[in-house]
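Overview (structure and organization)
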Amino acid sequence: MRLKVNRGAPVKASPVRKKIAVCSAVSGSGVSFTSMLLARALSAEGTVTLVELGKPYFYDAFGFASKFTITGFCDYFAATEKKRRLPEIANLWSGINWALRKSLPGEPAKELSPSTLFRLINSLPGNYLVLDCSGLEGDSLLELLAEADDIIIVVDPLPGKLLPGTQNLQRLRLKFPDARIVVNKMNPGVHRAEFEKYLGSSDYICLPALDAKTIYKAEYSCILPCDLPGGSKLAAALEKRF
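This report concerns the structure included in the present document. Quantities reported herein were computed from a predicted structural model and do not represent experimental measurements.

Basis of the calculations
- Residues numbered from 1 in each chain as written.
- Predicted model: local features only at pLDDT ≥ 70, side-chain atom pairs only at ≥ 80, totals over all residues.
- Heavy atoms only, no water.
- Pairing = 2+ DSSP bridges.
- Helix = DSSP H or I, 4+ residues; strand = E, 2+ residues; numbered from the N terminus.
- Disulfide = S-S within 2.5 Å.
- Buried < 20%, exposed > 50% of the residue type's maximum accessible area, 1.4 Å probe, protein only.
- Phe/Tyr/Trp six-rings, centres within 6.5 Å; stacked < 30°, edge-to-face > 60°.
- Lys NZ or Arg CZ within 6 Å of the ring centre and 35° of its normal.
- Polar contact = N/O pair within 3.5 Å; in protein donor to acceptor, adjacent residues only side chain to side chain.
- Contact = heavy atoms within 4.5 Å.
- Patch = residues over 30% accessible without salt bridge, like charges linked within 9 Å, V, L, I, M, F, W, Y side chains within 5 Å.
- Areas by Shrake-Rupley, 256 points an atom, 1.4 Å probe, with all protein chains shown as cover.
- Salt bridge = Lys/Arg side-chain N within 4 Å of Asp/Glu carboxyl O.
- Core = buried A, V, L, I, M, F, W, Y, C linked by side-chain atoms within 4.5 Å.

Reading across the sheet, the 8 strands line up as β3-β4-β2-β5-β1-β6-β7-β8 and stay open at both edges, with mixed pairing between neighbours. The open sheet is flanked by β3 (92–93) and β8 (205–208), the only strands paired with a single partner. Across 5 bridges, the pairing between strand β1 (residues 18–24) and strand β5 (residues 128–132) is parallel. Following the sheet pairing, Lys18 is matched in β5 by Tyr128.

Quick look at the structure:
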């Protein structure tokens, strides 16, 4: 299936219901960033809900409180914990329905039980659910990945990120051999031959390194990085492989 980035064209009807989990072997590899790009690409194929299952990020980073001041932001997580029926698409922005976690300043996000997470995932609307697993680890992560239809493992090629996650990466690839590898922050400084020897494969998807200026501008402007000139190439990188 070839994905096309949504540029405002009508969304095509899609009968599928697919859960795509995005994870990594070590924190800080770009799981949330990759989840956002994938969700944006899939929005041309059907309705998409991005589900933030672990560490909260998007709500504060892109000013969701101000985006939904009139209609109110639907907290799917709170509704699930209270066992309320979840609404249909409620937090639509930039072609994506956002099921985001919120946390109070200075306080960690509340840890959700596996039963709550699975109940949420099975009740959310959308032809595609992109599961942002940033911050999840151990058995909780493995149980969730086992329920996904597709799995993406995000890798940062910086040796200081690669080596600490070697054991976790091997475990993930052994347990989920069909998982796709996405290499985030690929740049000319990466020694490709050495990196591929470490990875044991040349079959991976590259996301070019995005300069800090574009990332900072995106968050200060509350615009997705792929909507800025410097970030459009990233969505195209995923578009060519999915």
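What follows continues from the structure just given.
Further remarks concern the state of the cysteines. What the rule picks out here adds up to 0 disulfides. Free of any disulfide, Cys23 has its nearest cysteine sulfur in Cys133, 6.1 Å distant. The buried category is assigned to Cys133, whose relative accessible area is 3%.

Turning our eyes to something else, we now look at the packing of aromatic side chains. Taken as a whole and judged by the stated rule, the model has 14 aromatic pairs. Between Tyr57 and Phe62, the aromatic rings sit 6.2 Å apart at their centres with planes inclined by 85°, giving edge-to-face as the arrangement. The exposure class of Phe62 is buried, given its relative accessible area of 2%. Cluster of aromatic residues (ring-pair linked, three or more members): Tyr57, Phe58, Tyr59, Phe62, Phe64, Phe68, Phe73, Trp93 and Trp98. Over the ring of Phe77 we find Arg101, and its NZ or CZ is 5.7 Å from the ring centre.

Take the side chain of Asp156 next. Its place among the elements puts Asp156 in the loop between β6 (150–155) and α7 (159–162). In this structure the side chain of Asp156 is engaged in a polar contact, spanning 3.0 Å, whose partner is the backbone nitrogen of Leu158. Residues within four places of Asp156 in sequence aside, it is in contact with Gly28, Ser29, Lys161, Leu162, Asn184 and Lys185.

Turning to the pairing of β1, a few remarks are in order. Extensive coverage of β1 is indicated by the burial of 6 of its 7 residues. In this structure, β1 lies alongside β6, joined through 5 bridges in parallel fashion. Residue pairing across strands places Ile20 opposite Asp150, the latter belonging to β6.

Right, let's get into a nonpolar patch on the surface. A cluster of nonpolar side chains, namely Ile215, Tyr216 and Tyr220, defines an oily patch on the protein surface of about 400 Å² accessible area. Of note, Tyr216 is situated in helix α10 (residues 212–221). Judged by relative accessible area, Tyr216 falls into the exposed class, the value being 56%.

Turning next to the nonpolar core. One finds Leu53, Leu131, Cys133, Ile153, Leu172 and Phe195 to be the most contacted residues of the largest nonpolar core, which totals 40 residues. The greatest single-element share of this core, amounting to 4 residues, is contributed by helix α6 (residues 138–146). For Leu53, the residues in contact, after removing those within four places along its chain, are Arg101, Leu117, Leu120, Ile121, Leu131, Asp132, Cys133, Leu136 and Leu144. Residues Val22, Leu42, Val154 and Ala218 belong to the second largest nonpolar core, which totals 38 residues.

Attention now moves to the side chain of Ser24. On the secondary structure map, Ser24 appears in strand β1. Of the polar contacts made by the side chain of Ser24, one reaches the backbone oxygen of Val26; its length is 2.9 Å. In contact with Ser24, other than residues within four places in its own chain, are Ser29, Val31, Ile153, Val154 and Leu172.

Everything listed here is a matter of geometry and, on its own, says nothing about what the molecule does.
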